[in-house]
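# Architecture and fold: a report
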Amino acid sequence: MWIGWVAAGVAITAGCYFLPADGLTFNLIYNGIGLLSALGILTGVRLHRPRHAAAWYWFAAGQAASVVGDLVWEYYRYVLDQDPYPSVADAFYLAGYPMLAAGLWLLLRARRDGSALTPAVMSGIGLGLVFWILVLHPIAGESATSAFTWFISTAYPAADALLLAMLVRLGTLRGGSPSAWLLGLAAALLLFADCGYSMINLDGAADGYLFNAGWLLSYILWAAAALHPSMAVENRATGSGSDELGRAQRVFLSACTLLPPATLLIPGVGDDVLDRIVIGVASGAMFLLAAIRMTRLTRQVRAKAAELREIAMHDDLTGLPNRRHFEESLTSHGRTGELRVLFLGLDGFKNVNDELGRPVGDQVLAVLAARIVATVPDALAARLGGDEFALLVPGSEDAGRVAERLAAALAAPVGAGGHELLVGASIGLAAAAGPVEVLRRAETAMHAAKETGEPYRLWSPALDERAGEHARLGAEMRAALLAGDFRVVYQPIIAVPEGRVTAVEALVRWQHPQRGLVSPAQFVPVAERNGLIVDLGAWILRTACEQLVAWHTELGADAPDRISVNVSARQLARPQFPSTVADILTSTGLPAHRLTVEVTETAVFGGGQAVTALHALRALGVRIALDDFGTGHSSLGLLHTVPVDVLKVDKSFVDRVTEAGRHAVIARALIQVSDGLGLTAVAEGVETEEQAEALYALGYRLLQGYYFGKPAAVPDFRPRVHALEA
């Protein structure tokens, strides 16, 4: 609609110049366009329903006032046959300007942006200076006119300059809409027509016919601005108080800033004292405004730097201070005395992420962070990363009691993603003078608490010795794996009563060049912690598979049927673990059904990737054994979720199976469960003949333990002569 209006208006304006200048038809068309302009503004308000409609009503009123002025002028011209200047018509013309200014003021007030005021004033000074030199000063210097005529002639361009300055202010807002640009063009045309008409009237030429085009097109563009859909769009500031301008705005501001010195290049300007004074004042004002703008920019840069620092020092998810903030706070507080720090590591949080997804995990972290702050409001709490938090405990608080309160608060269920989740925490306590040392000690104590299952642990030098030993051991293990210092031994699994070695379990040993034989109880937990268990486990698996293939080639039917290999939770957590097993089976040539993967109940209790990996292995044909069965969190419950072929009954039930009591009852119940589910049961840790006989009597047909053979590089595969009689 707005394009059609502009096209029709331009065509009619051009056509008017083919009509007689003083004809009634021309003037009726002129008045009609003015009236339609006011109606067009009202139509635009009704169509687009802007939030600040009052501004556009003022625009319509201003246009209507101009139309009334036109009608009064026509009355003078065609009824009274007069051509007065000034006249009553000028009162209506000039009355329209405050109405237009009121509308622009409402738009500016709706688009508040204090940062744009300075560039707007600078632009206004530059344009106003040119306006003074080219228009106002010549009018002011004209002596052939009356004071009233001079006032009226000056009022028109002055009012136009006011409108233009307000539009410059509107234009310096970022994201100016097409509607705003149309308003600016309308005001510029009005300024051009009024200035030209005032100048020719002062020169004694009363014919302003040529300037009618400026007034007509101004009418048309005021209405086009209202009809354009962008008139309803909020042209707001960025909201950050930014002093940033667009490229066009920067070019415009720079050009306006250069106008004061540029006016000195106009011939005759420098000869007039008043012009020199005005130029000097304008230049001084420009300098002051530029200084104000630079001061504002500097203040904004500092505020933005402070804002960025605040962002950089806090965790996005929880809103808590981050590690960097916490370490700086430790440094600051460390100058005044001893630091006391609690280091928290969440238990089982990885399972939440793996099973329920990261969004639920994020909700859990946010809830627990809020609990930490609520439990110890006087402490500085920070999220160090992942599932680790830390607190700087004030001197008035007892750190042990704080740890107890935190452990209790974090042990409560967490509602997230429609689930009630239990996520506890292991807490380490430490005190030291240095920020780095106190954080290190607290973290060491936290890991110790996590290993032992304690809710919290106080740091002691013994923990450092242990941690140092683990670090050294970890480094030596990496070197040992490369040097080939690890070896695999095999413990027989015996089928009773015939005594045949039906399977073997692969176990790793470390022959250290200085320490001698290192117990797996020492180095396996370290390998789990530092991740070396993944590479070590893959090496054990490959070695065991190669060995069983070699035995079958060498011994034929006397070789064991299957081989069992222990797999850690860290290995199961790797998505590529099933493919690793498949590659090893392919490269060694071992059939998948001859491999049994042994996992502990704790490794698969959390579900997630671990159980997914076991299902993938089962699909390959690999058998799954649940090791140390009966000692975990929910042994029977795991049989519903974990694909199991073999139950390995823990040694703790075997040790006292010969005695009447609960251990024998549990051992009997486990073999019944195994038989009922169609699973294979293996009793571990058989050390005496009496235990073997008792287990056989309960129904166990696969036994493993020192009574039948210790782990060896090459076990004795001959049938056991002391095997049980049928």
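Our subject is the structure listed above.
The structure contained in this document is the topic of the report that follows. (Residues numbered from 1 in each chain as written. Predicted model: local features only at pLDDT ≥ 70, side-chain atom pairs only at ≥ 80, totals over all residues. Heavy atoms only, no water.)

One ladder, built from four bridges, connects strand 9 (residues 500-512) with strand 11 (residues 562-566); its direction is parallel. Bridged to V504 within strand 11 is I563. Note that strand 11 and strand 12 (residues 595-600) share four bridges and pair parallel. Bridge pairing in strand 12 links N566 to E598. (Pairing = 2+ DSSP bridges. Helix = DSSP H or I, 4+ residues; strand = E, 2+ residues; numbered from the N terminus.)

Moving on, we get to unusual backbone geometry. V496 connects to P497 through a cis peptide bond whose omega is 15°. As for its position among the elements, P497 is in the loop between strand 8 (486-495) and strand 9. Not every positive phi belongs to a glycine, and D81 is a case in point at roughly 55°. Relative to the assigned elements, D81 resides in the loop between helix 3 (53-79) and helix 4 (88-110). For D81, a relative accessible area of 67% translates into the label exposed. Even without being glycine, D628 reaches a positive phi, approximately 55°. Judged by its relative accessible area of 26%, D628 falls in the partly exposed class. (Buried < 20%, exposed > 50% of the residue type's maximum accessible area, 1.4 Å probe, protein only.)

On inspection of all chains with the given rule, the structure shows 20 salt bridges. With a closest N to O distance of 3.1 Å, R383 and D315 form a salt bridge. Here R383 is found in strand 2 (residues 380-385), whereas its partner D315 is found in the loop between helix 11 (273-312) and helix 12 (323-334), with 68 residues between them in sequence. For the pair shown, R383 and D315 are each scored as buried. The shortest N-O distance in the salt bridge between E505 and K648 comes to 3.0 Å. A residue pair is termed long-range when its members are at least 10 positions apart, and E505 in strand 9 and K648 in strand 14 (residues 646-649) qualify at 143 residues. Among the residues examined, K648 registers a relative accessible area of 1% and is labelled buried. (Salt bridge = Lys/Arg side-chain N within 4 Å of Asp/Glu carboxyl O.)

All right, on to the packing of aromatic side chains then. Here the distance between the centres and the angle between the planes together describe a pair of aromatic rings. Inspection of the entire model under this criterion finds 10 aromatic pairs. Seen in terms of ring centroids, Y30 and Y219 are 6.1 Å apart; in terms of plane orientation they differ by 75°. Their pairing is edge-to-face. Note that Y30 is positioned in helix 2 (residues 24-48) and Y219 in helix 8 (residues 212-227), a separation of 189 residues in sequence. For Y30, a relative accessible area of 8% gives the class buried. (Phe/Tyr/Trp six-rings, centres within 6.5 Å; stacked < 30°, edge-to-face > 60°.)

So, about a nonpolar patch on the surface. A grouping of L24, L28, Y75, Y78, V79 and L80 is seen on the molecular surface, where their side chains present a nonpolar patch of about 570 Å² in accessible area. Of all the secondary-structure elements, those providing two or more residues to the nonpolar patch are helix 2 and helix 3. As for its position among the elements, V79 is in helix 3. (Patch = residues over 30% accessible without salt bridge, like charges linked within 9 Å, V, L, I, M, F, W, Y side chains within 5 Å. Areas by Shrake-Rupley, 256 points an atom, 1.4 Å probe, with all protein chains shown as cover.)

What sets the pattern is the α-helix's 3.6 residues per turn: residues three or four places apart point alike. The end-to-end C-alpha distance of helix 1 (residues 2-16), which contains 15 residues, comes to 21 Å, matching closely the 21 Å that a straight helix rising 1.5 Å per residue would cover. Of all the positions in helix 1, only W5, V6, G9, T13 and C16 are classed as buried. Angular distribution of buried residues about the axis of helix 1 spans 95°; they occupy a single face of the element. On its buried face, helix 1 sits against helix 2 and helix 8. (Expected span 1.5 Å × (residues − 1). Arc of directions from axis to C-beta. Contact = heavy atoms within 4.5 Å.)

It is worth spelling out the packing of helix 19 (residues 532-555) against helix 21 (residues 577-588) at this point. Running from amino to carboxyl end, helix 19 crosses helix 21 at an angle of 30°, the nearest separation of the two axes being 10 Å. On the basis of their axis angle, the class for helix 19 and helix 21 is roughly parallel. In the packing of helix 19 onto helix 21, the handedness of the crossing is right-handed. Listed contacts from helix 21 to A538, L541, R542, C545, E546 and V549 of helix 19 are V581, I584, L585, S587 and T588. Looking at the contact of helix 19 with helix 21 residue by residue, the classes come out as seven nonpolar, two polar and two charged. (Axes fitted to C-alpha atoms, helices over the stretch in contact; angles between N-to-C directions. Parallel < 35°, antiparallel > 145°, perpendicular 65-115°, else oblique. Left-handed = near helix turned anticlockwise from the far one by under 90°. Nonpolar A, V, L, I, M, F, W, Y, C, P; charged D, E, K, R; others polar.)

The next point concerns the nonpolar core. Proteins that are soluble and globular tend to have nonpolar side chains buried together. One finds L572, L595 and Y700 to be the most contacted residues of the largest nonpolar core, which totals 78 residues. No other element matches helix 19, which puts 10 residues into this core. Every residue in contact with L572, bar those within four places of it in the chain, is listed here: V567, F577, V599, A603, V604, Q609, A610, A613 and L614. Residues W5, L108, W222 and L227 belong to the second largest nonpolar core, which totals 51 residues. (Core = buried A, V, L, I, M, F, W, Y, C linked by side-chain atoms within 4.5 Å.)

Let's shift gears to the pairing of strand 6 (residues 425-432). Moving residue by residue along a regular strand, the side chains alternate between the two faces of the sheet. In terms of burial, strand 6 is largely enclosed, as seven of its eight residues are buried. The pairing of strand 1 (residues 339-346) with strand 6 spans eight bridges and is antiparallel. Each bridged residue has a counterpart across the sheet, and for R340 the counterpart in strand 6 is A431. The parallel pair strand 6 and strand 7 (residues 456-458), bridged by helix 16 (residues 435-452), forms a crossover whose chirality is left-handed. (Right-handed = clockwise from strand over helix to strand, strands pointing away.)

Let's shift gears to the sheet that holds strand 6. Read across the sheet, five strands follow the order 2-3-1-6-7 without closing on themselves; strand pairing throughout is mixed. Every other strand in the sheet has two partners, leaving strand 2 and strand 7 as the edge strands with one partner each. Averaged over all pairs of adjacent strands, the angle between strand axes in this sheet comes to 20°, irrespective of strand direction. Its contacts with the sheet place helix 14 (residues 358-375) against strand 1, strand 2 and strand 3 (388-392), and it is angled at close to 15° to strand 3.

We now examine the packing of helix 2 against helix 3. One way to put it is that helix 2 packs onto helix 3 with a least axis distance of 8 Å and a crossing angle of 165°. In terms of axis orientation, helix 2 runs roughly antiparallel to helix 3. The crossing of helix 2 and helix 3 is left-handed. Contacts between helix 2 and helix 3 involve L24, N27, Y30, N31, G34, L35, S37, A38, I41, L42 and V45 from the first element and A53, W56, Y57, F59, A60, Q63, A64, V67, D70, L71, E74 and Y78 from the second. In terms of residue class, the contact of helix 2 with helix 3 is built from 16 nonpolar, five polar and two charged.

Moving on, we get to the environment of V489. On the secondary structure map, V489 appears in strand 8. Since its relative accessible area comes to 4%, V489 is described here as buried. Spatially, the C-alpha atom of V489 lies 10.0 Å from that of I540, the residues being 51 residues apart in sequence. When residues no more than four places from it in sequence are discounted, the contact partners of V489 are E505, A506, L507, R509, P711, A712 and A713.

By the secondary structure assignment, S564 is in strand 11. Sequence-distant contacts of S564, that is, excluding residues within four places in its chain, are made with I493, V504, E505, A506, T596 and E598.

Quick look at the environment of A285 now. By the secondary structure assignment, A285 is in helix 11. Residue classification places A285 among the partly exposed residues on the basis of a relative accessible area of 23%.

Mapped onto the secondary structure, A442 falls in helix 16. Counting along the chain gives 98 residues from A442 to L344, while the straight-line C-alpha distance between them is 8.7 Å.

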